[in-house]
Amino acid sequence: MNEYRIKNGVRPTGDDMKTSLINGERIPKSHKVIRVFGCMERFNVDLQRYICLYGESLEKEDRRICRWLIMNLHSFGAFCYWKGEKPEYCFPEIILQAMDDRISYFEKYIDHCKDFMTYSHLKYIDLDLCRVNARELESAYATWYEFCYGKQTLKGDLKLMATILNRMSGYLWKLNRYLILKDGVDEIYWVGGITDFN
């Protein structure tokens, strides 16, 4: 019988501001890798919520990409825990190519964006929240990388993962604009300056 990773019962071991990793090592909850885990879980939950609510309105390839991310984001956490030294936890280049292909497809239909946008429907707000969380996850990864490796140049799997994280937010941004166009909804842009409150 396999050992359970998460066991029932009160666990006061976290009351000292530390947490246990999968190998039993205890680290402070302020550790950079904990921020990566938190951002990863927030992005994962929000993406799950979006797929539950609106997944059927997506085209087949976009559902496939989003569901793959949901099922594999925890492996990204393991990738960071092992400091990028276990390639079995690195996202494959095929997911990067899939997002790039979809971005190229979206750009056949959408123009360059005029500026920041606001949204008139929860469907678009929820997807943009996923994009914002993807950006936050990318930032957490950058902070973690600098903590572990200083100013060393990104390379290998570490660079591939950084590229994929960057592409996720771009993919979600373009997907949202494509859905707005497909649904026949007007884009609402930020207008520079301060508007009249009257």
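Look a little higher up for the structure.
Quick summary incoming for the structure in this document. Keep in mind it's a predicted model, so treat the numbers as computed, not measured. Per chain, the residues get numbers from 1 upward, laid out in the order the sequence is written. Only residues with pLDDT of at least 70 are given local features in this predicted model, and only at 80 or more are side-chain atom pairs given and counted; all residues enter the totals for whole chains, interfaces and linings. Computation of side-chain values covers all heavy atoms of the structure but excludes hydrogens and water.

What follows covers unusual backbone geometry. The phi angle at K83 is positive, at roughly 55 degrees, despite the residue not being glycine. Secondary structure follows DSSP: runs of H or I at least 4 residues long count as helices, runs of E at least 2 residues long count as strands, and numbering of each begins at the N terminus. Within the secondary structure, K83 sits in the loop between α2 (60-81) and α3 (93-106).

Right, let's get into the side chain of S169. Positionally, S169 belongs in helix α5 (residues 156-182). Residues contacting S169, with those up to four places away along its chain left out, are R131, A134, R135 and E138. Residues count as neighbours in contact if any of their non-hydrogen atoms are within 4.5 Å of one another.

Moving on to the packing of α3 against α5. Each axis is a line fitted through C-alpha atoms, and for a helix only the stretch in contact is used; angles between axes span 0 to 180 degrees, taken between their N-to-C directions. Viewed as axis vectors pointing N to C, α3 and α5 meet at an angle of 30 degrees, and their least axial separation amounts to 9 Å. It follows from the interaxial angle that α3 and α5 lie roughly parallel. The crossing of α3 and α5 is left-handed. Side by side, α3 and α5 meet where E93, I95, L96, M99, D100, R102, I103, Y105 and F106 of the first sit next to L160, T163, I164, R167, M168, G170, Y171, K174, L175 and Y178 of the second. Class assignment of the residues belonging to the contact of α3 with α5 gives a composition of 12 nonpolar, two polar and five charged. Angular relationships are summarised with four words: roughly parallel below 35 degrees, roughly antiparallel beyond 145, roughly perpendicular across 65 to 115, and oblique for the angles in between. Crossings are classed by handedness, with left-handed meaning an anticlockwise turn of the near helix from the far one by less than a right angle and right-handed meaning a clockwise turn. Under this grouping Gly is polar, as are all residues other than the nonpolar Ala, Val, Leu, Ile, Met, Phe, Trp, Tyr, Cys and Pro and the charged Asp, Glu, Lys and Arg.

Think of a 1 Å grid over just the protein atoms. A cavity is a set of points where a 1.4 Å probe fits yet cannot get out, a pocket is an open set with protein on both sides within 12 Å along at least five of seven lines, and lining residues have an atom within 4 Å of a point. Grid points are joined across faces, edges and corners, and a volume is the space filled by probe spheres set on the points. As enumerated under the stated definition, the model contains one cavity of 30 Å³ or more in all. Roughly 40 Å³ of volume is contained in the largest cavity. Looking at the largest cavity, the residues that line it are M117, T118, Y119, S120, Y124, I180, V185, D186, E187 and I188.

When charged atoms on two side chains of opposite charge get close, those side chains can pair. By convention in these notes, a salt bridge is any Lys or Arg side-chain nitrogen within 4 Å of a carboxyl oxygen on Asp or Glu. Tallied over the entire structure, the rule returns 14 salt bridges. Among the salt bridges present, the one from R49 reaches D126, with a minimum N-O distance of 2.5 Å. One end of the pair, R49, is in helix α1 (residues 32-54); the other, D126, is in helix α4 (residues 122-149), and 77 residues separate them in sequence. One network of salt bridges, in which partners are shared, links E59, D62, R102 and K182.

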